[in-house]
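Commentary on secondary and tertiary structure
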Amino acid sequence: MNAPERYEMFTLPEGVRKISILKDPKMANCLQFNIQREDHTIANILRYQLLKNPLVLFAAYRSPHPLEYYVELKVQTTAKTTPIDVVREAIQALMVEYGNIRSAFDAEIYRLDAPTGEDTRRTARAGTGYGGFGSMDAQSNDFGSSGDMGGRGGRADDVDMDF
């Protein structure tokens with residue numbers, strides 16, 4: 001088979017930098033970031049965060065080929081800032097945002113695992129019986145008791161995470 005080995009999708013070869021930066025000669029104040037061993041997941045999140053910044057004129061990415069494990073992120077900014085600065089700000093903002101999500105998730109898991117006189121740990125970890133992700137109401141074959149994945153069915157064991 002001609003496909004590369006799976007480990008090549010994740011392992012950065014020796015001598016290769018994680019991020020290389022190329023200046024775009026056709027566009028003013030524009031850089032292309034080649035991010036090695038990443039895919040649409042990180043590129044799309046980063047692009048979305050960049051486009052929230054009013055100083056960013058253009059932000060887009062592409063994956064040149066499915067068997068080449070890198071993405072090209074192109075960023076153009078106004079003259080008030082540089083593409084490197086806005087990418088740094090976007091990465092910092094994403095780290096804070098996903099850190100907050102992780103903290104809220106961990107706090108909710110801790111709350112579910114807290115001793116209440118009955119053994120709730122098994123049901124919380126198995127994803128059944130508490131209205132969270134992956135739980136099914138056996139009578140209606142719907143998620144949660146309200147028929148959606150939001151879990152806002154009003155049951156006493158319903159879980160709502162507020163971020």
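Residues numbered from 1 in each chain as written. Predicted model: local features only at pLDDT ≥ 70, side-chain atom pairs only at ≥ 80, totals over all residues. Heavy atoms only, no water.

A few points about the overall build of the protein chain
Condition: Strands here are runs of E lasting at least two residues and helices are runs of H or I lasting at least four, both read from the DSSP assignment and numbered beginning at the N terminus. Whether a residue is buried, partly exposed or exposed follows from its accessible area with a 1.4 Å probe, protein chains only, as a fraction of its type maximum: under 20%, in between, or over 50%, in that order. We call two residues contacting when some pair of their heavy atoms lies within 4.5 Å.
Along the protein chain, the regular secondary structure elements total three helices and four strands. In the protein chain, the succession of α and β elements from N to C terminus is β-β-α-β-β-α-α. Expressed as a percentage of the 163 residues in the protein chain, the buried residues total 28%. Summarising the internal contacts of the protein chain: among those between residues at least 6 apart in sequence, 50% fall at separations of at least 24.

Side note on helix α1 (residues 40-51)
Short version of the rule: A helix is expected to span 1.5 Å for every residue after the first. The arc in question is the one spanned by the directions pointing from the helix axis to the C-beta atoms.
With twelve residues, α1 extends 16 Å between its outermost C-alpha atoms, agreeing within 8% with the 16 Å of an ideal straight helix rising 1.5 Å per residue. Every buried residue belonging to α1 is among Ala43, Leu46, Gln49 and Leu50, and all of these are buried. Along the axis of α1, the buried residues cluster in a sector spanning 135°; they form a single face. Every exposed residue of α1 that faces more than 90 degrees away from the buried side is listed here: Thr41 and Tyr48.

A few points about helix α2 (residues 83-113)
Taking 1.5 Å as the rise per residue, α2 with 31 residues should run 45 Å; its terminal C-alpha atoms sit 44 Å apart, in good agreement. Inspection of α2 places Pro83, Val86, Val87, Ala90, Leu94, Glu108, Leu112 and Asp113 among the buried residues, and these make up the whole buried set.

Side note on the pattern of salt bridges
Cut-off, in case you're wondering: Here, a salt bridge means any Lys or Arg side-chain nitrogen found within 4 Å of an Asp or Glu carboxyl oxygen.
Taken as a whole and assessed by the stated rule, the structure comprises six salt bridges. As a salt-bridge pair, Lys18 and Glu38 come within 2.9 Å of each other at their nearest N and O atoms. Residue Lys18 is located in the segment before β1 (19-23), and its partner Glu38 is located in the loop between β2 (30-36) and α1; the two are separated by 20 residues in the primary sequence. Here Glu72 and Arg62 are joined by a salt bridge, their closest N and O atoms 2.7 Å apart. One end of the pair, Glu72, is in strand β4 (residues 70-77); the other, Arg62, is in strand β3 (residues 56-62), and ten residues separate them in sequence.

With respect to the environment of Ala43
One can find Ala43 in helix α1. Remark: the alpha-carbon pair of Ala43 and Ala60, spanning 17 residues in sequence, is separated by 8.5 Å. Residue contacts for Ala43: discarding those within four places in its chain leaves Tyr61 and Val71.

With respect to the pairing of β1
Just so we agree on the cut-off: Strand pairing is assigned whenever DSSP identifies at least 2 bridges connecting the two strands.
Bridge count between β1 and β2: five bridges; the pairing is antiparallel. Opposite Lys23, over in β2, you have Leu31 as the bridge partner. In this structure, the hairpin formed by β1 and β2 is closed by a connection of six residues, where Asn29 is found at a positive phi of approximately 55°.

Notes on the nonpolar core
Operational definition: Grouping buried Ala, Val, Leu, Ile, Met, Phe, Trp, Tyr and Cys residues that are joined through side-chain atoms within 4.5 Å yields what is termed a nonpolar core.
Of all hydrophobic cores here, the largest spans 15 residues; its most connected members are Phe33, Leu46, Leu50, Leu73 and Val75. Within the residue set of this core, elements represented by two or more residues are β2, α1, β3, β4 and α2. The biggest single contributor to this core is α2, with four residues.

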